[in-house]
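# Tertiary structure, described
Now for the letters of each chain:
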There are 4 protein chains.
Amino acid sequence: MSHVTNKTIQRVYEILEGTTNDKITKSFQIFIITLIAVNVLVVIVETEESVLDEYGYLFTPFEVFSVIVFTVEYVGRILVYKLNPKYNNSKFGLARLLVSPMMLVDLAAILPFFLPFVVTDTRFIRIIRLLRLFRLFKLSRYSEPMQTLGIVFKSKAGDLAVAFFILFIVLIFASSLMYHAEHEAQPEVFSSIPASMWWGIVTLTTIGYGDVYPVTVPGKLIAAGVAVIGIAVYAIPTGIMASAFTEELRHKREQKNNTCPHCGKDISEK
Amino acid sequence: MSHVTNKTIQRVYEILEGTTNDKITKSFQIFIITLIAVNVLVVIVETEESVLDEYGYLFTPFEVFSVIVFTVEYVGRILVYKLNPKYNNSKFGLARLLVSPMMLVDLAAILPFFLPFVVTDTRFIRIIRLLRLFRLFKLSRYSEPMQTLGIVFKSKAGDLAVAFFILFIVLIFASSLMYHAEHEAQPEVFSSIPASMWWGIVTLTTIGYGDVYPVTVPGKLIAAGVAVIGIAVYAIPTGIMASAFTEELRHKREQKNNTCPHCGKDISEK
Amino acid sequence: MSHVTNKTIQRVYEILEGTTNDKITKSFQIFIITLIAVNVLVVIVETEESVLDEYGYLFTPFEVFSVIVFTVEYVGRILVYKLNPKYNNSKFGLARLLVSPMMLVDLAAILPFFLPFVVTDTRFIRIIRLLRLFRLFKLSRYSEPMQTLGIVFKSKAGDLAVAFFILFIVLIFASSLMYHAEHEAQPEVFSSIPASMWWGIVTLTTIGYGDVYPVTVPGKLIAAGVAVIGIAVYAIPTGIMASAFTEELRHKREQKNNTCPHCGKDISEK
Amino acid sequence: MSHVTNKTIQRVYEILEGTTNDKITKSFQIFIITLIAVNVLVVIVETEESVLDEYGYLFTPFEVFSVIVFTVEYVGRILVYKLNPKYNNSKFGLARLLVSPMMLVDLAAILPFFLPFVVTDTRFIRIIRLLRLFRLFKLSRYSEPMQTLGIVFKSKAGDLAVAFFILFIVLIFASSLMYHAEHEAQPEVFSSIPASMWWGIVTLTTIGYGDVYPVTVPGKLIAAGVAVIGIAVYAIPTGIMASAFTEELRHKREQKNNTCPHCGKDISEK
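What comes next is a walk through the structure. Given the structure is predicted, the values throughout are model-derived calculations rather than measurements.

### Points about the interface of chain A and chain B
Each partner contributes to the interface: chain A provides 35 residues, whereas chain B provides 38 residues. For the pair chain A and chain B, the summed buried area comes to about 3300 Å², and 77% of that belongs to carbon and sulfur atoms. Per-residue buried area on chain A facing chain B is highest for A:T47, A:W198 and A:Y209; these three make up 20% of the total on that side. Taken together, the links from chain A to chain B amount to zero salt bridges. Applying the counting rule to chain A against chain B returns four residue pairs in polar contact (both at pLDDT 80 or more). Taken together, the elements giving at least two residues each to the side of chain A that touches chain B come down to α2 (23-45), α7 (122-131), α8 (135-142), α9 (144-155), α10 (157-182), α11 (193-204) and α12 (217-257) of chain A. Examining the composition of the side of chain A that touches chain B, we find that eight residues originate from one element, α12(A), more than from any other. Split into classes, the residues belonging to the side of chain A that touches chain B amount to 25 nonpolar, six polar and four charged.

### Some details on the nonpolar core
If you look at the biggest cluster of nonpolar residues, it comprises 269 residues, and the most contacted ones within it are A:W199, B:W199, C:W199 and D:W199. Each residue touching B:W199, except ones within four places of it in the same chain, is listed here: A:Y209, B:A174, B:S175, B:M178, B:F190, B:V212, B:Y213, B:P214, B:A223 and B:V226.

### Quick notes on unusual backbone geometry
With glycine set apart, most residues show a phi of negative sign, and most peptide bonds adopt trans. Look at A:T206: it is not a glycine, yet its phi comes out positive at around 60°. With respect to the element layout, A:T206 can be found in the loop between α11 and α12.

### Considerations on the packing of helix α10 (residues 157-182) of chain B against helix α11 (residues 193-204) of chain B
Axis angle and axis distance: for two packed helices, these are the angle between their axes and the distance between the axes, and together they describe the pair. All names here are of chain B. Between α10 and α11, the shortest axis-to-axis distance is 8 Å and the interhelical angle comes to 120°. Classified by the angle between their axes, α10 and α11 sit oblique to one another. The crossing of α10 and α11 is right-handed. On α11, the residues that touch F168, V170, L171, I172, A174, S175, S176, M178 and Y179 of α10 are I193, S196, M197, W199, G200, I201 and L204. Split by residue class, the contact of α10 with α11 holds twelve nonpolar, four polar and no charged.

### Some details on the packing of aromatic side chains
Within this structure, the stated rule accounts for 32 aromatic pairs over all chains. Summarising the aromatic geometry, the rings of B:F31 and B:F65 are spaced 6.4 Å apart at their centres and angled 70° between planes, so their arrangement reads as edge-to-face. Of the two residues, B:F31 is situated in helix α2 (residues 23-45) and B:F65 in helix α3 (residues 49-79); the sequence distance between them amounts to 34 residues. A residue is classified by how much of its surface remains accessible, and B:F31, at 37% relative accessible area, is partly exposed. Residue B:F65 is classed as partly exposed on the basis of its relative accessible area, which comes to 40%. Taken together, the aromatic side chains of A:F134, A:F137 and B:F173 make up a single cluster linked through ring pairs. The ring of C:F70 has C:K138 sitting right over it, with the charged end atom 4.6 Å from the ring centre.

Conventions and cut-offs
- Residues numbered from 1 in each chain as written.
- Chains lettered and ligands numbered in written order.
- Predicted model: local features only at pLDDT ≥ 70, side-chain atom pairs only at ≥ 80, totals over all residues.
- Heavy atoms only, no water.
- Contact = heavy atoms within 4.5 Å.
- Buried area = accessible area lost by both parts, 1.4 Å probe.
- Salt bridge = Lys/Arg side-chain N within 4 Å of Asp/Glu carboxyl O.
- Polar contact = N/O pair within 3.5 Å; in protein donor to acceptor, adjacent residues only side chain to side chain.
- Helix = DSSP H or I, 4+ residues; strand = E, 2+ residues; numbered from the N terminus.
- Nonpolar A, V, L, I, M, F, W, Y, C, P; charged D, E, K, R; others polar.
- Core = buried A, V, L, I, M, F, W, Y, C linked by side-chain atoms within 4.5 Å.
- Buried < 20%, exposed > 50% of the residue type's maximum accessible area, 1.4 Å probe, protein only.
- Axes fitted to C-alpha atoms, helices over the stretch in contact; angles between N-to-C directions.
- Parallel < 35°, antiparallel > 145°, perpendicular 65-115°, else oblique.
- Left-handed = near helix turned anticlockwise from the far one by under 90°.
- Phe/Tyr/Trp six-rings, centres within 6.5 Å; stacked < 30°, edge-to-face > 60°.
- Lys NZ or Arg CZ within 6 Å of the ring centre and 35° of its normal.

Here is the structure:
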């Protein structure tokens, strides 16, 4: 590779990864974030008939433009992957890059456009269109809040798994009891235990839509017990998330205070 | 300006800002707080037809009286602004005073009365009347709890913004999924993604009015997942607020303990 | 007073206040607690027609028996009040005893029986009958959990007042906005701001019965904003209560560990 | 007993109690956990008619197989009980083993199969079939999350009892008041205080199905008060559970860090 190409690759890497703070990098990031935001907006509002009627003709060109940008970005990331120490020094570096969560999200963001050229089953295409929503997750690369949420989920994955497993056990038990109590009185609503689990979810999360509820005395007694005890159990993941998030935000703030605002390096070490 | 005028201005400033503890200042504050409270009460009860029929004739004179008092207060604050070190020593001090949040609230409290003389569009006037409700926020100047809430919101603004951004992402994702799952079965209810977001809000906050809920199996599965995970995410701002508020109340109590009850100065410093 | 009478008064005081641990005192306490519990049970089940039909003839004798016991207890407390250092040494000791919360509860527990002999207005009598429910609060004298709740409420009264004041402001503001947004579309449901406050309570507490909810787009937007922000504000008293209660329970446990199990005195002091 | 038998018993004990880490013990545990999971799955899906029609013929052989395995396990545990120091050295060791919670769960897991041979009352048999659900609790022996929940419930039993007692008092009081406020307007819904308690549970837990709610002004005022204060009280057990669970998980993690990964002994002591 020539020296010029190397320099270009280095520059592209800097811009894509945001390792520098110069104007072009900043502008690129703002451009991409805006593009993602507008894309998500389009996915949302194009389901509104009145919007589709009036502005529908704009959506196809915008989609083409977005896919070109996202494809260039995707291909760019592959081309410069060797500068990323995480993938360069390891075997199958490129393969590992391609299956990394962020690259899969990037792929899911452009795939919905290209797949219809290959597949022609309309039902499949509809699901593929839904994939465009994953463009939302492209934000994770650029948005600090999303990264914070990611870190929190990761660091508390074990605790949350334990909590959700317990919720699941409580849900199964509550729903089975309720099925046996209400099935005869409301055979349509509590038609089976899986159907009763919808009642369980709606009750244990305290949503209470009102589409399913017990009408017999034993059913009401079970619901009362489940509500009081179950809600306490459902508070567990809530508590884990809330405290982990607050902790992570404090951690981030402390880290920021130890960072030089000019060069971005840690000033607590010498 | 003569010496007497100066002294009057000084006195007016003291009373309006509550910098002294004398009887007239106290009385003025109680009078204004009572007037605000009664005003809010009137705005509320005048929508009740039976009240309007019986006491309606009292509302116009009371409104005139209130506006006179609030206008005098507003003009007074402008006249004495030079005694406020925050605005006196800076350029455009008066302009900066006029656009300060509290002065805008004060203006919004009297504007609904004067605007109908200028504008005549009835629809506009109705919205203007709603502005009277902002008199409620005049309380913030005099009410400690409201100030506490303000401080909490300000100090945690960054954390709350992060939390609300995440909520918004979860909301968009959940609502879009639900739209695709339920649109065919309930085209009226889940007519578009923005319409589905109403379901999202009602579900993620666990309100669950029961006007919108999924009826298909995929819809119920999505709702179950959204409920369990989403509610944990919705707990984040709740946790931030609750802990910040408790902290601020403790902080206030400690500050009060360090304050001389006679002169109001900090006794911890010498 | 003779020596024997004095000794009797001393004994009655010991039993009523539970200052000793002997068998008769214990038995009396268990008897009174059981009597209160059965009384509350009767108040509840006598509203069930089937129970009233079958066991109704038992309720009047039981009521007479209960009132006799509670009256003897009430009179007894008055007769021995001089032994209570809290009331003996102060002026108007008896008057102060009579208006103490617990003695008022004791009075409310027996009054429903005697008043019908004096008053004859049937509507008044019905409300008086409701007073029997206050027998429930007689438990506070004997039940540790109720005392704990009382201590928590008392110690956090200031914080809770602040929190509830803020809730009230949020409620007024949210309900007024919603009234203006929905009044035209649902004049029956959002007939006035006070009526809209029912929506506000049901929404901010996340109960969401489903009897009132917005149907217009502005109304839904307001509800969404209110739900997200308002629920965070409603979490404040919840947080205050939960943490104060946990703290108080820990405090109690520590106190108990420092108490001699034999004589009940503090073993941490010498 | 011969030496060989002794060794077999020792081996069976090791496998059943999981005191060693060898392959057979691991395999046995995975096999039992899978069998329990599939059993619970069958109990759930066999209530779904479409599943029953298609796969129903598989359920009886699977039930027979499961009961054989669980019976062998149950009998095995009885045969080797002498190796368990907890039961061997005490009088009535076998009796105490048989009434231990886990052995009762194990018995409940096989009883539904054998009882129909003895009892023939069909109504009784239906309830017996429900007992199969207790196989779910067999998981507690093998699942760490369930054990954690058990420890949390045990360690906070006192605090939770206090909290639930208070909830109960609030529930009784709120429901009685509501009954008196709404009985005349909605005699069908608020037919008695016990019936009103269904409203109380649905409201205090913020589920709010929408099947019962006040319609009169006094009823709505009571509901508002109950909602705001009562929900704060209902937050108490929620808070206790969430914090106890988080604490227990941290405790477990710390314990694990102090354990040798090879022999499983505590490395913090020497």
